[in-house]
Amino acid sequence: MSTDSQLKELALHDISVRFGGLTALDNVSLRVAPGRIVGVIGPNGAGKTTLFNVICGFVQPTSGSLTLDGRPWRPRPHHLSRLGIARTLQGVGQFAGMTVLENVMVGARHRHAESEALAALERCGVDRYASAYPGALPYAIRKRIELARALVAKPRILMLDEPAGGLDADEIAWLGALIKATGTTVLLVEHHMDLVMSVCDEILVLDFGKPIALGSPEEISADPKVTEAYLGAAA
Ligand SMILES: Nc1ncnc2c1ncn2[C@@H]1O[C@H](COP(=O)(O)OP(=O)(O)OP(=O)(O)O)[C@@H](O)[C@H]1O
């Protein structure tokens, strides 16, 4: 279990991202305090993945800034693991030519990579697949392997990009329990509302790149702007 002093505070300050004429993020500010589970939700195209990509350094903001532990920070993808930031991908992009264990060892940072990878697989309930090749395994198992790969380095900030996508109710319940048990800071982009509402301490709602609400699950579910954004998207 991480202690507070090991955790990092990540903050976005007035971040905007424009792709040509399209504003994908419009003055978004967010503080992800140590140990908190923060959700980012919004209809399709709201800017959730773009926000993740800004934090990972894949997309440069057009304006605004980021800080890590209060210091100005310019994210770079190859520095993330050194900083203790791990991210899962929307899909299950594992290396087909490597075993499950080898795939998870890619995420490890220490000398004891193999035992740490096995422990992460065990934590995710998939250690029995260690010597299998991921391509042959069911999707839900591969999602768990993806989580093990993110958890193996014991990240201080865990970024989960639609971890519930394609999972059934039992798998989602398991995932919710795992997220709560990590004891680390989590940033969660997810469409599955029950999961978001049950695990998050705080939720940011984006709509067409604009932050329209930020608050506890109770505040967000009672906010008419949020209902309107989702109904508008469904109409
Ligand atoms: N590299 C890019 N170039 C141009 N437009 C982009 C790029 N990346 C994202 N966009 C656009 O920015 C907007 C926000 O996209 P983004 O993928 O961040 O939304 P999202 O909330 O993650 O959507 P979804 O829920 O469907 O994954 C969309 O209109 C998208 O088409």
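Everything quoted here is computed from the prediction, not taken from an experiment. (Residues numbered from 1 in each chain as written. Predicted model: local features only at pLDDT ≥ 70, side-chain atom pairs only at ≥ 80, totals over all residues.)

A.B. asks: Looking at this model, I keep getting lost on the confidence of the model for the protein. Mind explaining?
C.D. replies: Detail in the predicted coordinates should be disregarded across regions flagged by low pLDDT. Summary statistics for the protein give a mean pLDDT of 88 and a share of 90% for residues scoring 70 or more. Below a pLDDT of 50 lies the segment residues 1–5, which in the model reaches seven contacts outside its immediate sequence neighbourhood of four places, other chains included. Scored by ipTM, the complex comes to 0.97, with pTM at 0.89. (pLDDT = per-residue confidence, 0-100. Contact = placed C-beta atoms within 7 Å.)

A.B. asks: What exactly am I supposed to notice about the environment of Thr-185 here?
C.D. replies: Along the chain, the position of Thr-185 falls in strand 8 (residues 185–189). Placed 149 residues apart in sequence, Thr-185 and Arg-36 show a C-alpha to C-alpha distance of 5.1 Å. (Helix = DSSP H or I, 4+ residues; strand = E, 2+ residues; numbered from the N terminus.)

A.B. asks: I'm lost on the sheet that holds strand 10 (residues 210–215) in this one. Help?
C.D. replies: Within a sheet, neighbouring strands are paired by backbone hydrogen bonds and run either parallel or antiparallel to one another. Across the sheet, six strands lie side by side as 6-7-8-3-9-10; this open sheet has mixed pairing. The two strands at the open ends of the sheet, each matched to only one other strand, are strand 6 (85–87) and strand 10. Going across the sheet, the axis of each strand differs from the next one's by a mean of 15°, ignoring polarity. (Pairing = 2+ DSSP bridges. Axes fitted to C-alpha atoms, helices over the stretch in contact; angles between N-to-C directions.)

A.B. asks: So what exactly am I meant to see when it comes to the environment of Ser-29 here?
C.D. replies: By the secondary structure assignment, Ser-29 is in strand 2 (residues 22–32). Here the alpha-carbon distance between Ser-29 and Gly-64, two residues 35 residues apart in the chain, equals 8.8 Å. In this structure Ser-29 touches Leu-12, His-13 and Asp-14, once residues within four positions along its chain are discounted.

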